[in-house]
2 protein chains.
Amino acid sequence: MISVQEALDTLLASLPVTPSEEVTLAEANGRVLAEPILAPFDSPRFDNSSMDGFAVRSDDVHGASRQKSKSLLVAGDIPAGKSASTTLQPGHTMRIMTGAAMPAGADTVVPVEDTDAHGQTGAALPAVVQIFASGGAGAYVRPAGQDFKAGEPLLAAGTRLRPQEIALCAMLGVAELNVHRKPRVAVFSSGDELLPPGEKLQPGKIYETNSFTLCGLVESAGGEAILLGTAKDTLADVKAYLEGALQAGADLILSTAGVSVGSYDFVREAVESEGRIDGWQVNMRPGRPFTFGEYRGLPFVGLPGNPASAFVGFEVFLRPALHKMGGVGAWQRRVVRARVMDTVESDGRESYLRVLINSHPREWQVYLTGHQGSGNLYSLVQAQALLQVPAGVKKIRAKSWVNVWPL
Amino acid sequence: MISVQEALDTLLASLPVTPSEEVTLAEANGRVLAEPILAPFDSPRFDNSSMDGFAVRSDDVHGASRQKSKSLLVAGDIPAGKSASTTLQPGHTMRIMTGAAMPAGADTVVPVEDTDAHGQTGAALPAVVQIFASGGAGAYVRPAGQDFKAGEPLLAAGTRLRPQEIALCAMLGVAELNVHRKPRVAVFSSGDELLPPGEKLQPGKIYETNSFTLCGLVESAGGEAILLGTAKDTLADVKAYLEGALQAGADLILSTAGVSVGSYDFVREAVESEGRIDGWQVNMRPGRPFTFGEYRGLPFVGLPGNPASAFVGFEVFLRPALHKMGGVGAWQRRVVRARVMDTVESDGRESYLRVLINSHPREWQVYLTGHQGSGNLYSLVQAQALLQVPAGVKKIRAKSWVNVWPL
């Protein structure tokens, strides 16, 4: 019996990281940077206005109010995307748009709402403007280099790109990115009892479900799922599926069922015919039997066939594995503290229980979804989180604080 | 000035829900059910074994142990997918695989590990088996109807489908689902200063970023983004983009910038030429100016042009809006309690601050990312959550508990 952490460490140490490829920004959402992004320039690049208004010398408008406005001559107009060619002289102002470069000589902006030019959309440039307020030197000016300086590392290699990271790259003028190829995971199940949905049900048969769960989970972890289908319980058929994974260019083979001690399970034999396999008894539930190995050099993972076991096995082992294979430097699971409202009995194994979240103003309260049998797919559908019961714990009293993994 | 909740309620009440369409299970991940799924049968459908082992009559194996094993005649073999045609007689057993139907007469399963047949993969059926343990009546049997009963509503209309919901549909034999069409959101920005990344930078210009952020966010909220591009600051060009949204079959137009009080902002005028627009001053920061209306009957939302304002405006208003348009019944944001480690000053508006999460064993601690200027895209990249400062609050002392929205 090995611990969950030991099994995970062994798995992560054995898996390769995918090579990199170039993609455009439009294709980069969710991908993982293969090289760092450094700032090519200061940001903002130049002092600029944070409001539509009038660029002024702060000394000229000191103490301005609605009762005691200051009158300035309008010496120019600086639309966004333009810059002034002359220096602002005392007693003068220039109209300026949000984002436009501050003219030399000006050190503050008066928002248009604080002038008598307010409400004149598209109007001609006035000759004189009345200023009703002043925020002092620096007000409504974004100074050059305030956000970051040229040369600063902004995004590390191994960063998974969200929309805001893509936008940052756009802001830097970077149109193509070097990212890791998505890890390709070939998924198959095995078992003579499994039918694809859509076919007519026959006595003693059930519809196959794990490949649907696993393909969706693979994609949610940044992988590309290659659905191979369901192998029959023969050595030849299972070998054909393993060969199919190789031909599809997979980085990992992920199989469910067919790895227990049953007489009709040929997956182990098929993998071992041209590779090796380790059956781990991991100190966890559900999902104890977990197999890891390689077939003709391609990493192989076998998850239990029960729906909840396969799901938990994926969350515990495969999700971190796919982030690692996809190039993420130090993936961290988001764990939330919650109060469990049921008394939980456990058998001392590290356990993952399906729970509902009731979000109170000041805490998350979680409830068991019902019976936690590993064949109970419906409880997975009800579950909003997994509650982690540490190894060695046999009882958690109601209202105790626990760790949950939101799903 | 209206409250965030008031603005959100008005927006949500005005938006349509998309019609439904049929998709296959393979296409259904992330989609929203347009009709409920009822259980067509009990689950499990028949009493079945939860282990590979031997189906027995519990009376026959009562008190069995390694020291005092019970010997049974093997009367048959029930592979997964098969069922026994005869009733199990006293003193007999049948070999049974995980998931296979229990034979009549048997009321418990002895796992193969607890018999002398352990370790005989693919072996011929033994004539006699020694039983070393007994869990009592019902052990390792999943009774019919344990998970759900025929007719029970399993998935409500308005459920967003995760991999496990797809798997449940597969289990029910449902191969096609009636789901809402993804809401199509036409995204454009406007401003003469904006260049697409890849073009050579010119003085006073900046690269356009908001459309990258917004398209990615639209997809993360279950929408389909239609990127129209960047309109020039002319009435004709902005109108051409609005027409482009109509031609693209959009359900919503989402625009950034061009809606402030600036002289070069023609979006309002263009929308009003064939529709109406309301400029809301929402009591929030960043993202105060928010416009909502319609152009030739198509809903229109205008977000501020500053990167952080556009982002927060999306998270506060558009994310709930897209879930609603996409058919989700009662979408709820996941809010986590955290302890803020900096003292936070606010101006009384409902505020959304960018924070880093430091996950301690017993709590989340959050830190401000640095200056919270609405033009600071880099702080959005650093942010792992938004900290919500309620309206009316001007100061939050360090180490207070706050609500955060994980990003």
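All values derive from a computational prediction rather than experimental measurement.

For chain A, the helix and strand inventory stands at eight helices and 27 strands. Relative to the globule expectation of 22 Å for 407 residues, the C-alpha radius of gyration of chain A, 31 Å, shows a markedly less compact shape. Along the first, second and third principal axes, the C-alpha atoms of chain A reach 95 × 50 × 40 Å. Buried positions account for 50% of the 407 residues belonging to chain A. Across chain A, every contact between residues at least 6 apart in sequence was considered, and the portion connecting residues at least 24 apart equals 71%.

Bringing the relation of the copies chain B and chain A into the picture now. Here the second copy of the chain follows from the first by a rotation about an axis and a shift along it. Take chain B, turn it by 180°, move it 0.0 Å along the axis, and it overlays chain A with an RMSD of 0.0 Å. What we have between these two chains is a two-fold relation. Residues of chain B ranked by C-alpha distance from the rotation axis are headed by Val336 of chain B, positioned 3.8 Å from it.

Each partner contributes to the interface: chain B provides 81 residues, whereas chain A provides 81 residues. Elements supplying a minimum of two residues to the side of chain B that touches chain A: helix H3 (163-172), strand S14 (206-207), helix H4 (210-220), helix H7 (307-325), strand S21 (336-340) and helix H8 (377-382) of chain B. Looking at which element gives the most residues to the side of chain B that touches chain A, the answer is H3 of chain B, with eight residues. For the side of chain B that touches chain A, the class distribution of residues is 36 nonpolar, 29 polar and 16 charged.

If you look at the biggest cluster of nonpolar residues, it comprises 184 residues, and the most contacted ones within it are Ala186, Val187 and Leu387 of chain A together with Ala186, Val187 and Leu387 of chain B. Setting aside its immediate chain neighbours within four residues, Leu387 of chain B contacts Val340, Leu353, Val355, Val366, Val402 and Val404 of chain B. Counting residues in hydrophobic clusters, the runner-up holds 28 residues, among them Ala84, Ala106, Ile131 and Val141 of chain A.

The next point concerns unusual backbone geometry. Outside of glycine, negative phi angles account for most residues, and trans bonds account for most peptide bonds. The residue after Ser43 of chain A, namely Pro44 of chain A, is reached through a cis peptide bond having omega -10°. Mapping Pro44 of chain A onto the fold places it in the loop between strand S2 (37-38) and strand S3 (48-49). Not every positive phi belongs to a glycine, and Tyr140 of chain B is a case in point at roughly 60°. With respect to the helices, strands and loops of the structure, Tyr140 of chain B is situated in the loop between strand S8 (128-131) and strand S9 (141-142). Of note in the backbone geometry, Lys399 of chain B takes a positive phi value of approximately 75° without being a glycine. Mapping Lys399 of chain B onto the fold places it in the loop between strand S26 (395-396) and strand S27 (400-406). For Lys399 of chain B, a count of 11 C-beta atoms within 10 Å corresponds to the exposed category.

Turning next to the pairing of strand S4 (residues 53-56) of chain B. All names here are of chain B. For S4 and strand S6 (residues 92-96), the ladder comprises three bridges, and the chain directions are antiparallel. Note on S6: the bridge partner recorded for Gly53 is Ile96. Strand direction decides the pairing type here: S4 and strand S7 (residues 108-111), joined by four bridges, are antiparallel. By the bridge assignment for S7, Gly53 is matched with Pro111.

Turning next to the environment of Gln281 of chain A. Residues and elements named next belong to chain A. Secondary-structure assignment places Gln281 in strand S17 (residues 275-281). Under the C-beta neighbour-count criterion, Gln281 is labelled exposed, with 11 such atoms within 10 Å. Once the C-alpha coordinates of Gln281 and Met1 are considered, the two residues, 280 residues apart in sequence, prove to be 4.9 Å apart. If near-sequence neighbours (up to four positions away) are discounted, Gln281 is found in contact with Met1, Arg288 and Pro289.

So, on to the sheet that holds strand S15 (residues 224-231) of chain A. All names here are of chain A. Read from one edge of the open sheet, six strands run S15-S12-S16-S20-S19-S17, paired in mixed fashion. The sheet terminates laterally at S15 and S17, the two strands that pair on one side only. Taken pair by pair, the neighbouring strands of this sheet meet at an average axis angle of 20°, ignoring direction. The pairing of strand S16 (residues 252-256) with strand S20 (residues 298-303) spans four bridges and is classified as parallel.

For the rest of this paragraph, the subject is the domain arrangement of chain A. A common measure of how large an interface is: the accessible area buried when the components associate. If you check the domain split of chain A, you get domain 1 (4-16 + 182-325), domain 2 (20-43 + 147-180), domain 3 (48-142) and domain 4 (336-406). Between the C-alpha centres of domain 2 of chain A and domain 4 of chain A there is a distance of 38 Å.

The next subject is the sheet that holds S8 of chain B. Residue and element names in this part refer to chain B. Across the sheet, five strands lie side by side as S7-S4-S6-S5-S8; this open sheet has mixed pairing. Edge positions in the sheet fall to S7 and S8, since each has one partner strand and no second. On average, each strand axis in the sheet is tilted by 45° relative to the strand beside it, whichever way the strands run. Note that strand S5 (residues 70-78) and S8 share four bridges and pair antiparallel. Looking at S8, one finds that Leu72 is bridged to Val129.

What follows is about helix H5 (residues 235-247) of chain B. Quick reminder: α-helices carry 3.6 residues per turn. Residues three or four places apart thus point the same way. Residue and element names in this part refer to chain B. Taking 1.5 Å of rise per residue, 13 residues should cover 18 Å, and H5 covers 18 Å from first to last C-alpha, within 8% of that figure. For H5, the set of buried residues is Val238, Tyr241, Leu242 and Ala245. Projection of H5 onto a plane perpendicular to its axis shows the buried side chains occupying an angular sector of 100°, all on one side. Among the exposed residues of H5, those pointing more than 90 degrees away from its buried face are Ala236 and Gln247. Where H5 is buried, its residues meet strand S12 (184-190), strand S15 (224-231), strand S16 (252-256), helix H6 (267-273), strand S19 (289-295) and strand S20 (298-303). Looking one or two places after H5, you find Gly249, whose phi comes out positive at around 75°.

Cut-offs applied
- Residues numbered from 1 in each chain as written.
- Chains lettered and ligands numbered in written order.
- Predicted model: local features only at pLDDT ≥ 70, side-chain atom pairs only at ≥ 80, totals over all residues.
- Helix = DSSP H or I, 4+ residues; strand = E, 2+ residues; numbered from the N terminus.
- Rg over C-alpha atoms; globule rule 2.2 N^0.38 Å.
- Buried ≥ 20, exposed ≤ 12 C-beta atoms within 10 Å, placed from the backbone.
- Contact = placed C-beta atoms within 7 Å.
- Least-squares fit on C-alpha atoms with pLDDT ≥ 70 in both.
- Nonpolar A, V, L, I, M, F, W, Y, C, P; charged D, E, K, R; others polar.
- Core = buried A, V, L, I, M, F, W, Y, C linked by C-beta atoms within 7 Å.
- Pairing = 2+ DSSP bridges.
- Axes fitted to C-alpha atoms, helices over the stretch in contact; angles between N-to-C directions.
- Domains from an automatic or database assignment.
- Expected span 1.5 Å × (residues − 1).
- Arc of directions from axis to C-beta.

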